[in-house]
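These are the residues of each chain, in order.
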Amino acid sequence: MALAACSCSKEAMQSGTTGRRIVITASQEPATKTTLQDGGSQVYWEYGDNIKVFYDGVGSSFVNANKDLTVYSATASFEGSLDNFPLGGSAAAGKMLWSLYPWRADATSDGSSVTTTLLADQTGVPGTFFKRTQITLACSNSFGMQFYNVTGGLRFTLSQSGIRSVTLEGNGGEALAGTVKLAFEDGKPVVKSVVDGASSITLTATKGDYFRTGQWYYIVALPGTLQNGFKMTFRKDSDTGVLNSSASVTIKRGVFGQVEQIDKNVTFSSDAARELLPEIHDGDNVLATNPLVEKFLTEVSYKERDYTHSRLLDYPPVAPGQADLPPVYAIKWTADASAGAITATLKDGGWSKVSSLPAGASFLEVSNLRPDATYTYEVKGSGGATLASGSFTTYGHLHQLFFQKQIRNCRDLGGWATTDGKHVKYRKVYRGGRLEKKGGVLSDQGLLDIRAEGIRGQLDLRGTSDVLSGTDLGSDCAFCAPVIEQGYSTMLKNYGSQVRQCFEFVVQCVREERPVYFHCSLGRDRTGTMAMIVLGILGVNEGDISKEYELTQFAPHYWGTSDGEHTIMTRLADYDGAANYIWNNFVSGDESFARGMEKYLLSVGVSQTDIDDFRNLMLE
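Undergrad: Which residues make up the overall build of the protein chain, and what values go with them?
TA: Tallying secondary structure elements over the protein chain gives ten helices and 37 strands in all. Against the globule reference of 25 Å for 620 residues, the protein chain gives a C-alpha radius of gyration of 26 Å, in line with a compact fold. Expressed as lengths along the three principal axes of its C-alpha atoms, the size of the protein chain is roughly 75 × 70 × 45 Å. Counting all 620 residues of the protein chain, 55% fall into the buried class. A separation threshold of at least 6 residues defines the contact pool for the protein chain, and within that pool the share at least 24 residues apart is 72%. When the accessible surface of the protein chain is summed, it comes to about 24100 Å², and 45% of that surface belongs to carbon and sulfur atoms. Charged side chains in the protein chain number 58 positive and 68 negative. The centres of these two groups are separated by 2 Å.

Have a look at this one:
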């Protein structure tokens, strides 16, 4: 099909469509789209890209499904259908085709504009801006469509190592991201209005790692002028640095302002982190769960045994993929060096965590909070003086945890409701990514955090190539590694004896009041199957179990997805095969998923006593 003319061209609509199936031929203006090549001077479409096409206010997803396209291409054909498009292949008078990249489920059009969202949380990929951030728009009377940049931003390198995230904000509170209404004026896209703006953008290193020095990174932002200048905040594991500029800066559509070694004169300290963290006051009620995950868990509901759809992409975890991190708060007080070394105690019922801080410290970072809890805190100097005390409560759906430096995709299986009105207890069974010191995955601080959480059991679900021979968590930690090569239905069918060993180990840990953590490498496939077994036998609705499975995709790439940016492991992929193995082989008539899981576990040699004990100990 011929290439598109310019945006909003007046050509007549091509005829010859088959039914309402449409092929869009997409091209770009220079320096646009998803992936920058050749030092940032050229861009291309990729196989698997999705765009959203609108006609008369109705939108549909179109995909670049050319599997023969093994390299990036300056043009691409996107296939899809629009149910309201005329069967004859011609648009009605005055009507236009609109097209948007990146595809978003919540993007809308009123026929003369498109409303979409630029994410305020972005992922830093060396040498390029991350997919699904750079917004482009097309409008045409032709099946050929030329896409134009909407956004611009900042391109920078770093000189200091150990930086995990960079935040940009205007000193005047200008909207840099958020939900916007877009249109065309004089043949170019413009932001007509900001519907729900975000005044800051945070760029986080990919895979939860650190930014590389000397590499170019991109923050994608809405066009506009920061009249009073800007502030950039650089965060390391425990220290923070701030760069302030009062000079007016203009962000232009399709242009990335360039600054080398932008952090060259930035000084890092823990004092800066104190000012940036939200404060917990005596009597506060704070969210324990990452806000994006909380939104997903609040709004999404799946029926049991129905795998016809997934809502996962409505909550773009594919970018930034950092929502596995729980919120971080601070309990603050007035610094007093004369008080000596400081001891801070945080309690939640029978659970407690004691932190040692140096003399003169003025805040305690608080994270890894469980929902529906009442915490008390007391901060004392070595001489006995009380510097801070009080209590606060928490809310949310999920107990998420982050153990530095690289223990990602970690969460408690507590809190889920069962079909008979009970709830799974918190701080009993955890799931997550690999838990080891090898390769710098687990730091000394991370180990302290794990032990403070109370975890004293480790179940390694990995295969022969990477399974551990012992635990790094301490001599008082129980350990099991049965060697399992694959997850999902294969794990259920072919590794029955290992599944029995895993379940019996978890039950024994719970009996001994040893909170247990199970994992494979990324905490996705074998771990997801084990989580289905644990929640299934406890009587959690199977639709909710599938929703819990999808939470892995809120973790960084490599932890959450199977192939970088391209594959999303939804409940429609692999999970459904494992669930259906139980439904189809172990559930009869009106029996529940829990009964089917019980019959499965009995079939692989688990005792009824272990099943009953586990339920009695895990439910309240």
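What follows picks up the thread again.
Undergrad: Would you mind going over the environment of Q608 in detail, with residue names and values included?
TA: Mapped onto the elements of the fold, Q608 is located in helix 10 (residues 608-618). In this view, Q608 contacts E598 and L602; residues no more than four positions away in its chain are not counted.

Undergrad: I'd like to hear about the pattern of salt bridges, residue by residue, with values.
TA: A side chain of one charge can pair with a side chain of the opposite charge when the charged atoms of the two come close. Scanning the entire structure with this criterion turns up 29 salt bridges. With a closest N to O distance of 2.8 Å, R451 and D476 form a salt bridge. Here the residue R451 occupies a position in helix 3 (residues 444-453), and D476 occupies one in the loop between strand 35 (457-460) and strand 36 (478-480), the gap between them amounting to 25 residues. What makes R451 partly exposed here is its relative accessible area of 26%.

Undergrad: Which residues make up the nonpolar core, and what are the values?
TA: Core analysis: the largest hydrophobic core is formed by 66 residues, its most contacted members being M532, Y600 and F614. When residues no more than four places from it in sequence are discounted, the contact partners of F614 are F503, V506, V507, V510, V534, I537 and L538.

Undergrad: I'd like a rundown of the sheet that holds strand 23 (residues 256-259), residues and numbers included.
TA: Spatially, three strands are ordered 18-13-23 in an open sheet, and the strand pairing comes out mixed. On the outer flanks of this sheet lie strand 18 (217-221) and strand 23, each paired with one strand and no other. Mean inter-strand twist for the sheet, computed between neighbouring axes without regard to direction, equals 20°. With five bridges joining them, strand 13 (residues 152-156) and strand 18 adopt antiparallel strand pairing. Of the residues in strand 18, the one forming a bridge with R155 is Y218.

Undergrad: Explain empty space enclosed by the protein to me, and be specific about the residues and the numbers.
TA: All told, the structure shown has one cavity of 30 Å³ or more when counted by the stated rule. Within this model, the largest cavity holds a volume of roughly 50 Å³. In terms of lining residues, the largest cavity is bounded by V293, A323, D324, L398, Q400, N409, C410, R411, L551 and F554.

Undergrad: Please provide a residue-by-residue account of the pairing of strand 35, values included.
TA: Because side chains alternate across strand 35, one face comprises the buried residues G457 and L459, and the other comprises Q458 and D460, equally buried. Summarising the sheet, strand 35 and strand 36 pair through three bridges and their orientation is parallel. Considered in strand 36, the bridge of Q458 is made with F479. In the sheet, strand 35 pairs with strand 37 (residues 516-519) via four bridges, with the strands oriented parallel. Counterpart to L459 in the pairing with strand 37 is F518.

Undergrad: How would you summarise the side chain of T233 if you had to cite specific residues and measurements?
TA: Along the chain, the position of T233 falls in strand 20 (residues 230-235). In this structure T233 comes out as buried when scored by relative accessible area, which is 0%.

Undergrad: Can you tell me about the confidence of the model for the protein chain, naming the residues and giving the values?
TA: When pLDDT is averaged along the protein chain, the result is 89; 90% of the residues meet or exceed 70. Scored below 50 in pLDDT, residues 1-19 shows 53 contacts in the model against residues more than four places distant or in partner chains.

How each quantity is defined
Residues numbered from 1 in each chain as written. Predicted model: local features only at pLDDT ≥ 70, side-chain atom pairs only at ≥ 80, totals over all residues. Heavy atoms only, no water. Helix = DSSP H or I, 4+ residues; strand = E, 2+ residues; numbered from the N terminus. Rg over C-alpha atoms; globule rule 2.2 N^0.38 Å. Buried < 20%, exposed > 50% of the residue type's maximum accessible area, 1.4 Å probe, protein only. Contact = heavy atoms within 4.5 Å. Areas by Shrake-Rupley, 256 points an atom, 1.4 Å probe, with all protein chains shown as cover. Lys, Arg positive; Asp, Glu negative; His and termini not counted. Charge placed at Lys NZ, Arg CZ, Asp CG, Glu CD. Salt bridge = Lys/Arg side-chain N within 4 Å of Asp/Glu carboxyl O. Core = buried A, V, L, I, M, F, W, Y, C linked by side-chain atoms within 4.5 Å. Pairing = 2+ DSSP bridges. Axes fitted to C-alpha atoms, helices over the stretch in contact; angles between N-to-C directions. 1 Å grid on protein atoms, 1.4 Å probe; cavity = no way out; pocket = protein on both sides within 12 Å on 5 of 7 lines; lining within 4 Å. Points joined across faces, edges and corners; volume = space filled by probe spheres on them. pLDDT = per-residue confidence, 0-100.

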